[in-house]
Amino acid sequence: AVVSTQSTGTYLSILKFCDNKVTISRVPISLSRSTSSVYPQSLDMLSTSHNLLISVVLVLLTVIGCEPTTDADLSNTTISLYSSECAALRDEAREIRREGYLAGDKAELVREEAYKMMEEAYKMKVGVLETRIELETSMVETLALMRGQATATSLYIQEIRSTLGELDVKISQLEDKIDTKITELEDKVDTGSENLTREIAQVRQTASIIKNRQRTWLSEVRLISLYKVTGGINEHSASHYSDLIVDGQFTHDRHTESSMRTYSHTANDARDNKLWIELGGVFKIHKIQILNLRHCCQERLIGAHIYADDRLLGSVVEAKGAYEFFTNEDDPTYASRITLHQPLAKYTHILELQVWGSGPYSTDDMF
(Lines give C-alpha, C1' and ligand atoms only; values in the text may rest on other atoms or scores of the structure.)
Protein backbone atom coordinates (compact mmCIF):
# COMPACT_ATOMS: atom_id res chain seq x y z
CA ALA A 1 0.00 0.00 0.00
CA VAL A 2 1.40 3.42 -0.95
CA VAL A 3 0.05 6.91 -0.26
CA SER A 4 0.51 9.32 -3.18
CA THR A 5 -0.52 12.83 -3.97
CA GLN A 6 -1.82 13.83 -7.41
CA SER A 7 -3.15 17.01 -8.80
CA THR A 8 -6.63 15.65 -8.24
CA GLY A 9 -5.99 14.67 -4.62
CA THR A 10 -4.31 12.22 -2.29
CA TYR A 11 -4.78 8.45 -2.93
CA LEU A 12 -3.97 5.17 -1.24
CA SER A 13 -2.65 2.64 -3.80
CA ILE A 14 -3.17 -1.03 -2.80
CA LEU A 15 -1.58 -3.98 -4.67
CA LYS A 16 -3.41 -7.36 -4.32
CA PHE A 17 -2.44 -10.84 -5.64
CA CYS A 18 -5.29 -13.40 -5.90
CA ASP A 19 -5.91 -16.44 -8.17
CA ASN A 20 -2.92 -15.62 -10.43
CA LYS A 21 -4.21 -12.10 -10.96
CA VAL A 22 -2.93 -8.75 -9.71
CA THR A 23 -5.25 -5.94 -8.74
CA ILE A 24 -4.03 -2.38 -8.14
CA SER A 25 -6.62 -0.24 -6.38
CA ARG A 26 -6.35 3.46 -5.80
CA VAL A 27 -8.59 4.86 -3.10
CA PRO A 28 -8.90 8.62 -2.53
CA ILE A 29 -8.11 9.72 1.06
CA SER A 30 -8.09 13.01 2.92
CA LEU A 31 -5.20 14.22 5.11
CA SER A 32 -5.37 16.92 7.69
CA ARG A 33 -3.86 20.29 6.91
CA SER A 34 -1.16 19.83 9.56
CA THR A 35 -0.08 16.60 7.97
CA SER A 36 0.15 18.15 4.48
CA SER A 37 2.16 21.12 5.70
CA VAL A 38 4.61 19.14 7.77
CA TYR A 39 5.33 16.42 5.20
CA PRO A 40 5.05 18.03 1.74
CA GLN A 41 8.32 16.59 0.54
CA SER A 42 7.42 13.22 1.88
CA LEU A 43 4.21 13.28 -0.06
CA ASP A 44 6.01 14.17 -3.27
CA MET A 45 8.41 11.37 -2.65
CA LEU A 46 5.53 9.03 -2.06
CA SER A 47 3.98 10.09 -5.34
CA THR A 48 7.21 9.45 -7.23
CA SER A 49 7.67 6.17 -5.43
CA HIS A 50 4.09 5.26 -6.39
CA ASN A 51 4.68 5.71 -10.05
CA LEU A 52 7.99 3.89 -9.87
CA LEU A 53 6.38 1.06 -7.93
CA ILE A 54 3.67 0.62 -10.50
CA SER A 55 6.27 0.47 -13.32
CA VAL A 56 8.31 -2.13 -11.46
CA VAL A 57 5.29 -4.22 -10.74
CA LEU A 58 4.19 -4.22 -14.36
CA VAL A 59 7.70 -5.34 -15.47
CA LEU A 60 7.66 -8.12 -12.89
CA LEU A 61 4.20 -9.25 -13.91
CA THR A 62 5.30 -9.41 -17.52
CA VAL A 63 8.36 -11.47 -16.57
CA ILE A 64 6.33 -13.99 -14.51
CA GLY A 65 3.57 -14.21 -17.10
CA CYS A 66 0.69 -12.53 -15.19
CA GLU A 67 -1.76 -10.44 -17.15
CA PRO A 68 -2.80 -7.43 -15.13
CA THR A 69 -6.06 -5.83 -15.79
CA THR A 70 -5.72 -2.13 -16.46
CA ASP A 71 -7.73 0.71 -17.99
CA ALA A 72 -6.61 3.12 -20.70
CA ASP A 73 -5.24 5.60 -18.23
CA LEU A 74 -3.28 3.54 -15.67
CA SER A 75 -2.69 6.51 -13.41
CA ASN A 76 -6.41 7.29 -12.96
CA THR A 77 -8.00 3.79 -13.21
CA THR A 78 -8.04 1.08 -10.63
CA ILE A 79 -7.20 -2.43 -11.77
CA SER A 80 -10.04 -4.48 -10.38
CA LEU A 81 -10.45 -8.16 -9.91
CA TYR A 82 -14.00 -7.82 -8.60
CA SER A 83 -15.71 -9.03 -11.81
CA SER A 84 -16.92 -12.24 -10.13
CA GLU A 85 -18.37 -10.27 -7.26
CA CYS A 86 -20.02 -7.93 -9.71
CA ALA A 87 -21.49 -10.90 -11.58
CA ALA A 88 -22.78 -12.26 -8.28
CA LEU A 89 -24.21 -8.88 -7.47
CA ARG A 90 -25.68 -8.74 -10.97
CA ASP A 91 -27.28 -12.16 -10.47
CA GLU A 92 -28.52 -11.10 -7.08
CA ALA A 93 -29.95 -7.95 -8.68
CA ARG A 94 -31.64 -10.08 -11.35
CA GLU A 95 -33.04 -12.33 -8.59
CA ILE A 96 -34.23 -9.29 -6.69
CA ARG A 97 -35.77 -7.95 -9.92
CA ARG A 98 -37.45 -11.30 -10.55
CA GLU A 99 -38.78 -11.33 -6.98
CA GLY A 100 -39.91 -7.79 -7.60
CA TYR A 101 -41.83 -8.99 -10.63
CA LEU A 102 -43.33 -11.82 -8.59
CA ALA A 103 -44.19 -9.36 -5.87
CA GLY A 104 -45.77 -7.16 -8.53
CA ASP A 105 -47.85 -10.13 -9.75
CA LYS A 106 -48.88 -10.88 -6.19
CA ALA A 107 -49.69 -7.24 -5.67
CA GLU A 108 -51.82 -7.38 -8.81
CA LEU A 109 -53.63 -10.44 -7.49
CA VAL A 110 -54.10 -8.75 -4.14
CA ARG A 111 -55.36 -5.68 -5.98
CA GLU A 112 -57.85 -7.83 -7.92
CA GLU A 113 -58.95 -9.52 -4.63
CA ALA A 114 -59.30 -6.11 -3.11
CA TYR A 115 -61.42 -5.02 -6.08
CA LYS A 116 -63.59 -8.13 -5.70
CA MET A 117 -63.93 -7.55 -1.96
CA MET A 118 -64.82 -3.93 -2.60
CA GLU A 119 -67.42 -5.07 -5.13
CA GLU A 120 -68.87 -7.57 -2.66
CA ALA A 121 -68.79 -4.95 0.06
CA TYR A 122 -70.62 -2.59 -2.26
CA LYS A 123 -73.21 -5.28 -3.01
CA MET A 124 -73.57 -5.96 0.71
CA LYS A 125 -73.94 -2.27 1.34
CA VAL A 126 -76.59 -2.08 -1.36
CA GLY A 127 -78.35 -5.12 0.18
CA VAL A 128 -78.17 -3.55 3.62
CA LEU A 129 -79.58 -0.33 2.25
CA GLU A 130 -82.40 -2.21 0.49
CA THR A 131 -83.13 -4.18 3.69
CA ARG A 132 -83.08 -0.97 5.68
CA ILE A 133 -85.48 0.61 3.20
CA GLU A 134 -87.79 -2.43 3.45
CA LEU A 135 -87.60 -2.37 7.26
CA GLU A 136 -88.29 1.34 7.36
CA THR A 137 -91.22 0.87 4.97
CA SER A 138 -92.56 -2.00 7.11
CA MET A 139 -92.07 0.06 10.26
CA VAL A 140 -93.91 2.97 8.70
CA GLU A 141 -96.80 0.68 7.72
CA THR A 142 -96.79 -0.95 11.18
CA LEU A 143 -96.74 2.43 12.87
CA ALA A 144 -99.64 3.54 10.70
CA LEU A 145 -101.57 0.39 11.58
CA MET A 146 -100.74 0.79 15.28
CA ARG A 147 -101.78 4.42 15.13
CA GLY A 148 -105.10 3.36 13.63
CA GLN A 149 -105.55 0.68 16.27
CA ALA A 150 -104.61 3.14 19.00
CA THR A 151 -107.23 5.54 17.70
CA ALA A 152 -109.86 2.78 17.69
CA THR A 153 -108.78 1.68 21.16
CA SER A 154 -109.01 5.24 22.42
CA LEU A 155 -112.56 5.51 21.09
CA TYR A 156 -113.42 2.15 22.65
CA ILE A 157 -111.95 3.27 25.98
CA GLN A 158 -114.04 6.44 25.83
CA GLU A 159 -117.14 4.32 25.23
CA ILE A 160 -116.20 2.06 28.15
CA ARG A 161 -115.66 5.07 30.41
CA SER A 162 -119.03 6.42 29.40
CA THR A 163 -120.63 3.04 30.08
CA LEU A 164 -118.82 2.79 33.43
CA GLY A 165 -120.14 6.21 34.37
CA GLU A 166 -123.68 5.05 33.64
CA LEU A 167 -123.04 1.86 35.60
CA ASP A 168 -121.72 3.86 38.54
CA VAL A 169 -124.96 5.84 38.59
CA LYS A 170 -127.05 2.66 38.42
CA ILE A 171 -124.92 0.98 41.09
CA SER A 172 -125.35 3.97 43.35
CA GLN A 173 -129.11 3.80 42.86
CA LEU A 174 -129.11 0.06 43.54
CA GLU A 175 -127.01 0.57 46.67
CA ASP A 176 -129.56 3.07 47.94
CA LYS A 177 -132.37 0.63 47.25
CA ILE A 178 -130.44 -2.23 48.86
CA ASP A 179 -129.75 -0.15 51.95
CA THR A 180 -133.43 0.66 52.18
CA LYS A 181 -134.41 -3.01 51.77
CA ILE A 182 -131.80 -4.11 54.30
CA THR A 183 -133.16 -1.64 56.82
CA GLU A 184 -136.69 -2.91 56.25
CA LEU A 185 -135.54 -6.54 56.49
CA GLU A 186 -133.61 -5.84 59.65
CA ASP A 187 -136.74 -4.37 61.18
CA LYS A 188 -138.74 -7.38 60.05
CA VAL A 189 -136.02 -9.76 61.24
CA ASP A 190 -135.99 -8.13 64.64
CA THR A 191 -139.75 -8.44 64.85
CA GLY A 192 -139.72 -11.99 63.44
CA SER A 193 -136.86 -12.97 65.73
CA GLU A 194 -138.85 -11.96 68.75
CA ASN A 195 -141.86 -13.91 67.48
CA LEU A 196 -139.65 -16.90 66.59
CA THR A 197 -138.04 -16.85 70.01
CA ARG A 198 -141.46 -16.99 71.63
CA GLU A 199 -142.53 -19.81 69.31
CA ILE A 200 -139.35 -21.78 70.02
CA ALA A 201 -139.90 -21.40 73.74
CA GLN A 202 -143.45 -22.68 73.34
CA VAL A 203 -142.26 -25.65 71.22
CA ARG A 204 -139.62 -26.54 73.80
CA GLN A 205 -142.15 -26.37 76.57
CA THR A 206 -144.54 -28.60 74.60
CA ALA A 207 -141.75 -31.04 73.75
CA SER A 208 -140.75 -31.21 77.41
CA ILE A 209 -144.31 -31.99 78.40
CA ILE A 210 -144.60 -34.69 75.70
CA LYS A 211 -141.29 -36.23 76.64
CA ASN A 212 -142.21 -36.36 80.29
CA ARG A 213 -145.47 -38.10 79.34
CA GLN A 214 -143.55 -40.53 77.11
CA ARG A 215 -141.15 -41.34 79.88
CA THR A 216 -144.00 -41.94 82.23
CA TRP A 217 -145.81 -44.20 79.76
CA LEU A 218 -142.70 -45.91 78.39
CA SER A 219 -141.29 -46.58 81.79
CA GLU A 220 -144.04 -49.15 82.39
CA VAL A 221 -142.43 -52.60 82.15
CA ARG A 222 -144.87 -55.12 80.70
CA LEU A 223 -145.08 -58.32 78.68
CA ILE A 224 -144.35 -57.15 75.13
CA SER A 225 -144.09 -60.54 73.37
CA LEU A 226 -147.67 -61.70 73.71
CA TYR A 227 -149.32 -62.53 70.40
CA LYS A 228 -146.46 -61.11 68.36
CA VAL A 229 -145.28 -62.48 64.99
CA THR A 230 -142.92 -65.45 65.32
CA GLY A 231 -140.79 -67.65 63.11
CA GLY A 232 -138.40 -70.56 63.19
CA ILE A 233 -136.03 -72.85 61.36
CA ASN A 234 -136.93 -76.53 60.95
CA GLU A 235 -140.44 -76.20 62.43
CA HIS A 236 -142.56 -79.28 63.16
CA SER A 237 -145.09 -80.12 60.46
CA ALA A 238 -147.84 -81.07 62.93
CA SER A 239 -149.32 -78.75 65.55
CA HIS A 240 -146.13 -77.56 67.33
CA TYR A 241 -145.69 -74.24 65.51
CA SER A 242 -143.57 -71.31 66.68
CA ASP A 243 -146.64 -69.17 67.42
CA LEU A 244 -147.29 -71.36 70.48
CA ILE A 245 -144.36 -69.71 72.28
CA VAL A 246 -146.32 -66.39 72.48
CA ASP A 247 -149.91 -67.66 73.05
CA GLY A 248 -149.77 -67.21 76.81
CA GLN A 249 -150.77 -70.85 77.46
CA PHE A 250 -148.24 -72.50 79.78
CA THR A 251 -150.28 -73.71 82.84
CA HIS A 252 -152.18 -77.02 82.90
CA ASP A 253 -154.26 -79.15 85.31
CA ARG A 254 -152.14 -82.23 84.83
CA HIS A 255 -148.55 -82.89 83.96
CA THR A 256 -149.35 -85.18 81.04
CA GLU A 257 -148.41 -84.84 77.41
CA SER A 258 -152.04 -84.79 76.25
CA SER A 259 -152.67 -81.73 78.40
CA MET A 260 -149.55 -79.91 77.16
CA ARG A 261 -150.03 -79.50 73.39
CA THR A 262 -149.25 -75.76 73.53
CA TYR A 263 -145.46 -76.10 73.20
CA SER A 264 -143.32 -75.51 70.10
CA HIS A 265 -141.19 -78.36 68.74
CA THR A 266 -138.68 -78.62 65.88
CA ALA A 267 -138.99 -81.31 63.23
CA ASN A 268 -135.59 -82.90 63.96
CA ASP A 269 -132.37 -82.57 65.89
CA ALA A 270 -130.37 -80.76 63.22
CA ARG A 271 -127.79 -78.13 64.11
CA ASP A 272 -128.64 -74.40 64.33
CA ASN A 273 -132.35 -74.72 65.13
CA LYS A 274 -133.88 -71.30 65.80
CA LEU A 275 -137.04 -69.65 67.13
CA TRP A 276 -137.59 -65.87 67.07
CA ILE A 277 -140.14 -63.19 67.93
CA GLU A 278 -140.68 -59.98 65.94
CA LEU A 279 -141.59 -57.29 68.53
CA GLY A 280 -142.91 -54.84 65.91
CA GLY A 281 -140.75 -51.90 67.06
CA VAL A 282 -137.69 -50.96 69.08
CA PHE A 283 -138.27 -51.84 72.72
CA LYS A 284 -136.14 -51.47 75.81
CA ILE A 285 -135.60 -55.03 77.03
CA HIS A 286 -135.71 -55.63 80.80
CA LYS A 287 -136.07 -59.43 81.09
CA ILE A 288 -136.47 -62.57 78.96
CA GLN A 289 -138.08 -65.72 80.41
CA ILE A 290 -137.97 -69.21 78.86
CA LEU A 291 -140.46 -71.89 80.04
CA ASN A 292 -139.10 -75.37 79.30
CA LEU A 293 -141.07 -78.61 78.85
CA ARG A 294 -142.26 -80.17 82.08
CA HIS A 295 -142.89 -83.80 81.20
CA CYS A 296 -139.48 -84.70 79.69
CA CYS A 297 -136.27 -83.85 77.83
CA GLN A 298 -135.39 -80.58 79.59
CA GLU A 299 -131.66 -81.25 78.97
CA ARG A 300 -132.14 -80.70 75.23
CA LEU A 301 -132.18 -76.93 75.83
CA ILE A 302 -128.66 -76.95 77.30
CA GLY A 303 -126.27 -75.00 74.98
CA ALA A 304 -128.95 -72.69 73.56
CA HIS A 305 -128.30 -68.91 73.38
CA ILE A 306 -130.76 -66.02 73.69
CA TYR A 307 -130.19 -62.83 71.64
CA ALA A 308 -131.73 -59.33 71.59
CA ASP A 309 -131.11 -58.46 67.95
CA ASP A 310 -127.37 -59.27 67.69
CA ARG A 311 -126.61 -58.83 71.38
CA LEU A 312 -126.10 -62.01 73.45
CA LEU A 313 -128.08 -61.87 76.69
CA GLY A 314 -127.30 -65.33 78.07
CA SER A 315 -127.01 -69.10 77.55
CA VAL A 316 -128.70 -72.23 78.97
CA VAL A 317 -126.17 -74.20 81.01
CA GLU A 318 -128.40 -76.61 82.96
CA ALA A 319 -131.66 -78.51 82.65
CA LYS A 320 -134.61 -76.96 84.50
CA GLY A 321 -138.21 -75.82 83.95
CA ALA A 322 -137.68 -72.04 83.60
CA TYR A 323 -134.88 -69.58 82.84
CA GLU A 324 -134.68 -65.78 83.34
CA PHE A 325 -132.16 -63.44 81.67
CA PHE A 326 -131.99 -59.83 82.92
CA THR A 327 -130.40 -56.82 81.19
CA ASN A 328 -128.14 -54.24 82.80
CA GLU A 329 -129.89 -50.96 83.62
CA ASP A 330 -126.61 -49.08 83.37
CA ASP A 331 -126.18 -50.43 79.83
CA PRO A 332 -129.71 -50.48 78.36
CA THR A 333 -130.59 -53.00 75.65
CA TYR A 334 -132.86 -51.95 72.78
CA ALA A 335 -134.04 -54.51 70.23
CA SER A 336 -136.82 -55.35 67.77
CA ARG A 337 -136.22 -59.14 67.60
CA ILE A 338 -135.59 -61.84 70.20
CA THR A 339 -133.92 -65.08 69.00
CA LEU A 340 -133.43 -68.48 70.67
CA HIS A 341 -130.54 -70.29 68.92
CA GLN A 342 -129.48 -73.90 69.52
CA PRO A 343 -126.16 -74.44 67.71
CA LEU A 344 -125.92 -78.09 68.86
CA ALA A 345 -127.54 -81.06 67.13
CA LYS A 346 -130.60 -81.28 69.42
CA TYR A 347 -134.35 -80.94 69.27
CA THR A 348 -135.56 -77.51 70.34
CA HIS A 349 -138.89 -77.35 72.23
CA ILE A 350 -140.24 -74.88 74.79
CA LEU A 351 -143.60 -73.93 76.27
CA GLU A 352 -143.25 -70.15 76.15
CA LEU A 353 -140.76 -67.39 75.36
CA GLN A 354 -141.72 -64.24 77.24
CA VAL A 355 -140.14 -60.80 76.69
CA TRP A 356 -140.62 -58.07 79.31
CA GLY A 357 -139.82 -54.46 78.46
CA SER A 358 -141.05 -50.92 77.70
CA GLY A 359 -141.59 -48.94 74.55
CA PRO A 360 -141.64 -48.77 71.62
CA TYR A 361 -139.07 -45.99 71.09
CA SER A 362 -137.93 -44.04 68.06
CA THR A 363 -134.23 -44.06 67.28
CA ASP A 364 -133.82 -40.45 68.56
CA ASP A 365 -135.88 -40.97 71.70
CA MET A 366 -133.84 -43.60 73.52
CA PHE A 367 -132.78 -42.89 77.07
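As a reminder, the structure under discussion sits directly above these lines.
Note that this is a predicted model, so its numbers are computed, not measured.

Visitor: Is there a simple way to explain the pairing of strand β11 (residues 333–342) in this structure?
Guide: In terms of burial, β11 is largely enclosed, as eight of its ten residues are buried. One ladder, built from nine bridges, connects strand β7 (residues 273–292) with β11; its direction is antiparallel. Each bridged residue has a counterpart across the sheet, and for Ile277 the counterpart in β11 is Ile338. Where strand β8 (residues 305–308) lies against β11, four bridges are found, and the strand directions are antiparallel. Its bridge partner being in β11, Tyr307 is matched across the sheet by Thr339.

Visitor: Any chance you could explain the side chain of Thr230 here in plain terms?
Guide: By the element assignment, Thr230 lies in strand β5 (residues 229–233). Excluding its chain neighbours within four sequence positions, the residues that come into contact with Thr230 are Ser242, Asp243, Ile245, Val246, Trp276 and Ile277.

Visitor: Any chance you could explain the environment of Leu353 here in plain terms?
Guide: Assignment of secondary structure puts Leu353 in strand β12 (residues 349–361). If near-sequence neighbours (up to four positions away) are discounted, Leu353 is found in contact with Ser225, Ile245, Val246, Ile277, Ile288, Gln289, Ile290, Ile306 and Ile338.

Visitor: What is the right way to look at the pattern of salt bridges in this model?
Guide: Here the idea is simple: oppositely charged side chains can pair when their charged atoms come close. Counted according to the given criterion, the structure contains ten salt bridges. As a salt-bridge pair, Glu119 and Lys123 come within 3.9 Å of each other at their nearest N and O atoms. With a gap of four residues between them, Glu119 and Lys123 both fall in helix α3 (residues 83–218), about one helical turn apart. In this structure, the salt-bridge partner of Lys320 is Glu318, at a minimum N-O distance of 3.7 Å. Looking at Lys320, the relative accessible area reads 34%, which means it is partly exposed.

Visitor: When you look at the nonpolar core in this model, what are you seeing that I'm missing?
Guide: A general feature of soluble globular proteins is that nonpolar side chains tend to end up buried together. Among the nonpolar cores identified, the biggest contains 24 residues, and Ile285, Ile290, Ile306, Ile338 and Leu353 are the most heavily contacted of them. Broken down by element, this core gets its largest block of residues, seven residues, from β7. When residues no more than four places from it in sequence are discounted, the contact partners of Ile290 are Leu301, Ile306, Gly321, Ala322, Tyr323, Phe325, Leu340, Ile350, Glu352 and Leu353.

Visitor: Would you mind going over the packing of aromatic side chains with me for this structure?
Guide: Geometrically, a pair of aromatic rings is defined through the distance of the ring centres and the angle of the planes. Within this structure, the stated rule accounts for one aromatic pair. Geometrically, the ring pair formed by Tyr334 and Tyr361 is edge-to-face, given 5.6 Å between the ring centres and 85° between the ring planes. Of this pair, Tyr334 sits in strand β11 while Tyr361 sits in strand β12, and the two are 27 residues apart along the sequence. Here Tyr361 falls in the buried class, since its relative accessible area comes to 7%.

Visitor: Can you walk me through unusual backbone geometry in this structure?
Guide: Residues apart from glycine generally show negative phi values, whereas peptide bonds are mostly found in trans. Gly359 connects to Pro360 through a cis peptide bond whose omega is 5°. Here the phi dihedral of Tyr227 falls at roughly 60°; this positive angle occurs in a residue that is not glycine. Within the fold, Tyr227 resides in the loop between β4 (222–223) and β5. Tyr227 sits in the exposed class, given a relative accessible area of 63%. A positive phi is found at Cys297, a non-glycine position, where the angle reads about 60°. Here Cys297 is to be found in the loop between β7 and β8.

Visitor: I'm lost on the environment of Asn328 in this one. Help?
Guide: In this fold, Asn328 is placed in the loop between β10 (322–326) and β11. Asn328 sits in the partly exposed class, given a relative accessible area of 44%. Reaching out from Asn328, the side chain makes a polar contact with the backbone nitrogen of Asp330 at a distance of 3.1 Å.

Visitor: How should I be thinking about the pairing of β12 in this particular structure?
Guide: Along any regular strand the residues' side chains alternate between the sheet's two faces. Burial of β12 is extensive: eleven of the 13 residues sit out of reach of the surface. For β4 and β12, the ladder comprises two bridges, and the chain directions are antiparallel. Across the sheet, Arg222 pairs through a bridge with Gly357, a residue of β12. Here strand β6 (residues 264–265) runs beside β12; their pairing, made up of two bridges, is antiparallel. Opposite His265, over in β12, you have His349 as the bridge partner. Sheet topology places β7 next to β12; nine bridges connect them, and they run antiparallel. Note that in β12 the partner of Ile288 across the bridge is Val355.

Definitions and limits used
Residues numbered from 1 in each chain as written. Predicted model: local features only at pLDDT ≥ 70, side-chain atom pairs only at ≥ 80, totals over all residues. Heavy atoms only, no water. Buried < 20%, exposed > 50% of the residue type's maximum accessible area, 1.4 Å probe, protein only. Helix = DSSP H or I, 4+ residues; strand = E, 2+ residues; numbered from the N terminus. Pairing = 2+ DSSP bridges. Contact = heavy atoms within 4.5 Å. Salt bridge = Lys/Arg side-chain N within 4 Å of Asp/Glu carboxyl O. Core = buried A, V, L, I, M, F, W, Y, C linked by side-chain atoms within 4.5 Å. Phe/Tyr/Trp six-rings, centres within 6.5 Å; stacked < 30°, edge-to-face > 60°. Polar contact = N/O pair within 3.5 Å; in protein donor to acceptor, adjacent residues only side chain to side chain.

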